Amino acid sequence: MAVYVLIENRYNKIKNPSFESLSAAKKLAEKFSTDNIAILFGEAENSSELGKYGADKVIKVNTGSDLVSRDVIIDAVYEILSNDSDFKALFASATSFGKDIIPGISARFKKGIAQDITELFYDSDPIMIKRPVFAGKAFEVIKFTDFPYFITTRPNVFKKAEYNSSGEIKEIEKSVSPDSLKTTLKEMKSTGSGQIELTEANVIVSGGRGMKGPENFKIIEDLAALLNAAVGASRAAVDEGWIDHQHQVGQTGKTVSPTVYIACGISGAIQHLAGMSSSKYIIAINKDPDAPIFKVADLGIVADLFKVVPALTEELKKVLNK
Amino acid sequence: MKIGICVKRVPDTETRPKVASDGKTFDLSEAKYVISPYDEFGIEEALKLKEANGGEVVLISLDSSGDVSVIRNGLAMGADRAIIVEGDGERDPYETAVVLSDVLKEENFDMVFFGKQGVGHDYQQVPSIVAEIMNLPMISVVVELKVEGDTVTAVREIEGGEEVVEAKLPVLISAQKGLNVPRYPSLRGIMAAKRKPVDKKSPNYSSEKLSWEVEKVELPPPRKAGKIVEGEVEDQVKEIVKFLSEEVKII
Ligand SMILES: Cc1cc2nc3c(=O)[nH]c(=O)nc-3n(C[C@H](O)[C@H](O)[C@H](O)COP(=O)(O)OP(=O)(O)OC[C@H]3O[C@@H](n4cnc5c(N)ncnc54)[C@H](O)[C@@H]3O)c2cc1C
Ligand SMILES: Nc1ncnc2c1ncn2[C@@H]1O[C@H](COP(=O)(O)O)[C@@H](O)[C@H]1O
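This is a predicted model, so every value here is computed, not measured.

Conventions used here
Residues numbered from 1 in each chain as written. Chains lettered and ligands numbered in written order. Predicted model: local features only at pLDDT ≥ 70, side-chain atom pairs only at ≥ 80, totals over all residues. Heavy atoms only, no water. Core = buried A, V, L, I, M, F, W, Y, C linked by side-chain atoms within 4.5 Å. Buried < 20%, exposed > 50% of the residue type's maximum accessible area, 1.4 Å probe, protein only. Helix = DSSP H or I, 4+ residues; strand = E, 2+ residues; numbered from the N terminus. Contact = heavy atoms within 4.5 Å. Buried area = accessible area lost by both parts, 1.4 Å probe. Salt bridge = Lys/Arg side-chain N within 4 Å of Asp/Glu carboxyl O. Polar contact = N/O pair within 3.5 Å; in protein donor to acceptor, adjacent residues only side chain to side chain. Nonpolar A, V, L, I, M, F, W, Y, C, P; charged D, E, K, R; others polar. Near = heavy atom within 4 Å. Areas by Shrake-Rupley, 256 points an atom, 1.4 Å probe, with all protein chains shown as cover. Domains from an automatic or database assignment.

Some words on the nonpolar core
Point 1. Counting residues in hydrophobic clusters, the biggest one holds 39 residues, and the most contacted among them are Leu59, Met111, Phe113 and Leu145 of chain B.
Point 2. The dominant element in this core, judged by the number of residues it contributes, is helix H1 (residues 37-53) of chain B, at six residues.
Point 3. Excluding residues that lie within four positions of it along the chain, Met111 of chain B makes contacts with Met1, Lys2, Ile3, Gly4, Leu49, Leu145, Val147, Val152, Leu169, Val171 and Ile173 of chain B.
Point 4. In terms of nonpolar packing, the next biggest core, distinct from the first, is built from 38 residues, Val205 and Ile285 of chain A together with Val241 and Val248 of chain B among them.

Some remarks on the interface of chain A and chain B
Point 1. Contact with chain A, which involves 91 residues of that partner, is made by 77 residues of chain B.
Point 2. Summed over both partners, the interface of chain A with chain B buries about 7,700 Å², with 57% contributed by carbon and sulfur atoms.
Point 3. Connecting chain A to chain B are 10 salt bridges.
Point 4. Between Lys186 of chain A and Glu166 of chain B there is a salt bridge; the shortest N-O distance is 3.8 Å.
Point 5. At the junction of chain A and chain B, the tally comes to 52 residue pairs in polar contact (both at pLDDT 80 or more).
Point 6. Looking at side-chain class alone, the side of chain A that touches chain B contains 39 nonpolar, 25 polar and 27 charged residues.

Some details on the site of ligand 1
Point 1. Neighbouring residues of ligand 1: 27 residues in total, closest Arg209, Ser234, Thr252, Ser267 and Gln271 of chain A.
Point 2. Neighbouring residues of ligand 1 are distributed over chains A and B.
Point 3. The contact in question runs from an oxygen atom of ligand 1 to an N or O atom on the side chain of Gln271 of chain A, over 2.7 Å.
Point 4. Protein chains shield 80% of the accessible area of ligand 1, which is 1,000 Å² for the free molecule.

Considering the domain arrangement of chain B
Point 1. Assigned domains within chain B: domain 1 (2-201) and domain 2 (221-251).
Point 2. Distance from the C-alpha centre of domain 1 of chain B to the C-alpha centre of domain 2 of chain B: 43 Å.

Brief notes about the site of ligand 2
Residue and element names in this part refer to chain B.
Point 1. Neighbouring ligand 2 are 19 residues, the closest being Cys6, Asp39, Gly118, Gln124 and Gln125.
Point 2. Tyr123 is positioned with one of its backbone polar atoms (N or O) 3.4 Å from an oxygen atom of ligand 2.
Point 3. In this structure, Gln124 approaches ligand 2 through a main-chain N or O atom, which is 2.7 Å from an oxygen atom.
Point 4. Listed by contribution, the elements that provide at least two residues to the shell around ligand 2 are strand S6 (56-62), helix H3 (93-107), strand S8 (111-115) and helix H4 (126-134).
Point 5. Ranked by the residues each element gives to the shell around ligand 2, the list is headed by S6, at three residues.
Point 6. Class assignment for the residues of the shell around ligand 2 results in nine nonpolar, eight polar and two charged.

Overview of unusual backbone geometry
Point 1. A cis amide bond, omega -10 degrees, links Phe147 of chain A with the succeeding residue Pro148 of chain A.
Point 2. Here Pro148 of chain A shows up in the loop between strand S10 (138-144) and strand S11 (149-153).
Point 3. A positive phi angle, close to 55 degrees, is found at Asn321 of chain A, a residue other than glycine.
Point 4. With respect to the helices and strands, the residue Asn321 of chain A is situated in the segment after helix H8 (305-320).
Point 5. Given a relative accessible area of 71%, Asn321 of chain A falls into the exposed group.
Point 6. Although it is not a glycine, Lys249 of chain B sits at a positive phi angle of roughly 55 degrees.
Point 7. Under the relative-accessibility criterion, Lys249 of chain B is labelled exposed at 63%.

This is how it looks when you write it as structure tokens:
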């Protein structure tokens, strides 16, 4: 019996949302008085932190390559879980990786999964979770009717907690014959290294159609750099071709939950609000006092963004001594 | 090439869901229905492949509404025919995948497209489950696709980067925004769609126990409008800095 957590390892570094998922799983493992076991593929420079954030054990799967195809992961995790006839749950973070792999594994157990959850009610019996639907315009509270549970946790919602568990590592080898692979991972590319990923960001500065052109995103980037923030955008800005679609926030973009979201020249259409209204604080800068974004903003600045944003950047430089 | 696309009929993105009187479902009586926006990227890509290689493009939907007009929009874009399995497409993603797989097995497609997720429930899991049931290669969240002979090379989006993945036909693809820009149906397409075949089938659900029950549904607490600051830029900037340091506490 155990709770398992599939860890996302990219460029030999465990991603932060995996630690969040690990800590969330540890609390469930404690409830069941059982071990929380992390499953890691390959070498990661920060693997010693797995114990810190709640792994009682780590199963490290060595495949002999940094490019591990999804079939290899699904097979290996399925094998590990099949050896535990009474496993309680499999967790991962709700990233492109987790949302793709976990349903592949749950399918072999003939189960659906609770994807992208934002709350776990540890004290309910049976366990219940909450997950956003309609991109956050509403929520469903779901009761599991059967073990095992398959869960992906939304990044930036569950907090990492220090458990200082033993994190003892057990290595297993998984030999991969390339011919048997259904899909082969050829390459991993990182776009704009050093950029902060939207779904993991604590602060987001976003620009919309009010930016008027691609060249003006520079003022958003400058402000973002000072605040250690990720850069977001409305669909209008993306569809104009001013910024890559990876930056789109909203119902058909990313759903984000930063501490503070700064919307510049964004009107606040329902599809945009769906993606960002779970932000803790919202600041809106818009020249139209009737813009719907002001109905959800904690601080609304009625102004020309081309005046306020650069002035804010200058003022912050002074305040932060940068 | 014979290409399938699984399309889900969903409330459009303008929809404001309300909690129904049972507390467990949503009142969507005022919603307009559309093909889930991500599925449209799949339709567009399938049509392009057909234009380049010839073949057939087939829409498959599990839907109990009896409303064929939404699926006809996909035919109006250019798909050749549609199969509607008349069952509950929202019951459980595993069940949905089982029912869709039955049709996909019968049809023997070279390639099947899905949307990244069905908007509304936002499950984002049906394609991965279908892949396991059918034991086929699957590449999800695809933003670039190349088909050469029987080799498919796809670029999939991951946080802060991309992955390049290769597979052999037959293959399943889930489409992400960025893959293409879906066409609008032409007037001719809309007329032609009226005569295109729409087959109806009954679903064969698996006898597996469902994994969960909905306990209740709810709306997020409404956000209230906060402080509005007009006036001089200088004062507005001071106000933001003060807010960031005293309320948000990040500086
Ligand atoms: C199926 C579907 C899915 C969608 N998904 C998304 C999604 O995921 N994300 C999303 O964002 N949208 C989405 N949309 C689009 C959405 O409906 C809106 O069209 C879009 O959000 C508008 O973007 P915007 O606010 O930047 O532009 P606009 O609505 O044009 O607003 C621009 C704002 O900038 C302000 N402005 C202009 N100049 C200045 C200035 N100098 N200083 C200050 N303010 C200024 C204006 O007052 C205005 O309020 C979707 C739509 C559909 C149909
Ligand atoms: N009821 C359905 N009928 C047809 N296709 C579906 C259905 N449900 C899901 N799909 C397909 O699976 C994709 C992902 O859906 P989901 O896993 O529900 O978010 C959708 O974009 C569709 O391509």
